[in-house]
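Given next are the chains, with one letter for each unit.
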Amino acid sequence: MINDSLPIHLQIEPCQICNLNCLACSIRNVHKGKDRCVLSKEEFEVLLTHAPSVKDISLHGLGEPFYNNDLSKIAILLNKKGIVAKTVTNGNVVNPNIDNKVMLENMKEICFSIDGDNKNTYETIRRGGDFDKFKEVVSSFSETRAKSNPKTCLLSFNCVISEKNIEYVSGLPELAKELGIDKLKFNIMGQFFYSKSDSNYKMVEEIRCHDESSFLLLMKMLRNECDKLGIEMSYPPIEEKKYFDCFWPIRAAFVTAEGYVTPCNYRMNPEVINFGNLLTQTLDEIWFSKEYLIFRDSFKKSKYYDFCLTCS
């Protein structure tokens, strides 16, 4: 059921700069020919003032959050306001302006994206990435946490399963244990591209994992390994696509580094659709705007927008 009350969750993109060129990422399509924005702490304060209903914020988008020099300050700001915050990083950036200890003390979760248990698989999918550097960065966080506070901040791995890596992730539980990771999260590669005529759309469809039985068998095996090692694990339920069950139009929204509010973290290009700008408008004004109401109404009537129909 679609609810018209204000959302409590926002995913906010701290930065549109990225050092990697990952296989299925749409960053170069969405931001092609545009200056890449970085959201300052002062701008973040404006966003929070305009969105007082929000209780939970994810600090990541198409760019790499650790390129934002204000990330530690933003984490402190969110914690002081009692907002639960987490971020996702590719683990290939060491920014001297960001204090790892401060991040650990003020975030609920820091998640590291990893799509293979070995150097070749990882660097094939995360093009431009360095597997050895990734392990060093993760270790630095877990070691800092061990020296400072007890486990108040969850450290996790997120792995996106595709045909490119389904045979090369069985070693992730052992690697997670070695690097001090608390939880492994697995997802099936999604479709970030809107148009079926787009060559990138076709490429993603070719490498997506379409064999649900293979995925579930893999998850069962990985679950057993994680249980043995005392590591949490999660993966999404495999079931028939139900657009009306989508979380985003009900209780959440995506905010780009420029402040634009878009439907979700799969359909985040403001040039395709946006409902307003949270830097200049309140969330109340945007959420109850005519355009947003029509969008949510499309879920009530099962008359979905085209870009929702190509979502995986």
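Note that this is a predicted model, so its numbers are computed, not measured. (Residues numbered from 1 in each chain as written. Predicted model: local features only at pLDDT ≥ 70, side-chain atom pairs only at ≥ 80, totals over all residues. Heavy atoms only, no water.)

Engineer: Sorry if this is basic, but what is going on with the overall build of the protein here?
Structural biologist: A count of helical and extended segments in the protein gives 13 helices and nine strands. In the protein, which comprises 312 residues, the share counted as buried stands at 50%. Put simply, the protein shows about 14,300 Å² of open surface, and 50% of that area lies on carbon and sulfur atoms. (Helix = DSSP H or I, 4+ residues; strand = E, 2+ residues; numbered from the N terminus. Buried < 20%, exposed > 50% of the residue type's maximum accessible area, 1.4 Å probe, protein only. Areas by Shrake-Rupley, 256 points an atom, 1.4 Å probe, with all protein chains shown as cover.)

Engineer: Help me understand the pairing of strand S6 (residues 183-188) in this model?
Structural biologist: Side chains on a regular strand alternate between the two faces of the sheet. As judged from the six bridges shared by strand S5 (residues 154-161) and S6, these two strands associate in the parallel manner. Each residue of the ladder has a partner; that of Phe157, found in S6, is Leu184. Considered for its hand, the β-α-β crossover made up of S5, helix H7 (residues 172-179) and S6 is right-handed. Pairing analysis gives three bridges linking S6 to strand S7 (residues 232-234), with the strands arranged parallel. Across the sheet, residue Lys185 finds its bridge partner in S7, namely Ser234. (Pairing = 2+ DSSP bridges. Right-handed = clockwise from strand over helix to strand, strands pointing away.)

Engineer: So what exactly am I meant to see when it comes to the pattern of salt bridges here?
Structural biologist: Opposite charge on two side chains makes pairing possible when the charged atoms of those side chains draw close. Overall, the coordinates contain 11 salt bridges when judged by the stated rule. We note a salt bridge from Glu45 to Lys41, for which the minimum N-O separation is 2.9 Å. Taken together, the residues span about one helical turn, with Glu45 and Lys41 both in helix H2 (residues 41-50) at a distance of four residues. Of the residues examined, Glu45 reaches a relative accessible area of 30% and is grouped as partly exposed. Linking Asp182 and Arg145 is a salt bridge whose minimum nitrogen-to-oxygen distance equals 2.7 Å. Taken together, the residues Asp182 in the loop between H7 and S6 and Arg145 in helix H6 (residues 131-147) connect sequence positions 37 residues apart. Through salt bridges with shared partners, one network takes in Lys119, Glu123, Asp130 and Asp132. (Salt bridge = Lys/Arg side-chain N within 4 Å of Asp/Glu carboxyl O.)

Structural measurements only, silent on function.
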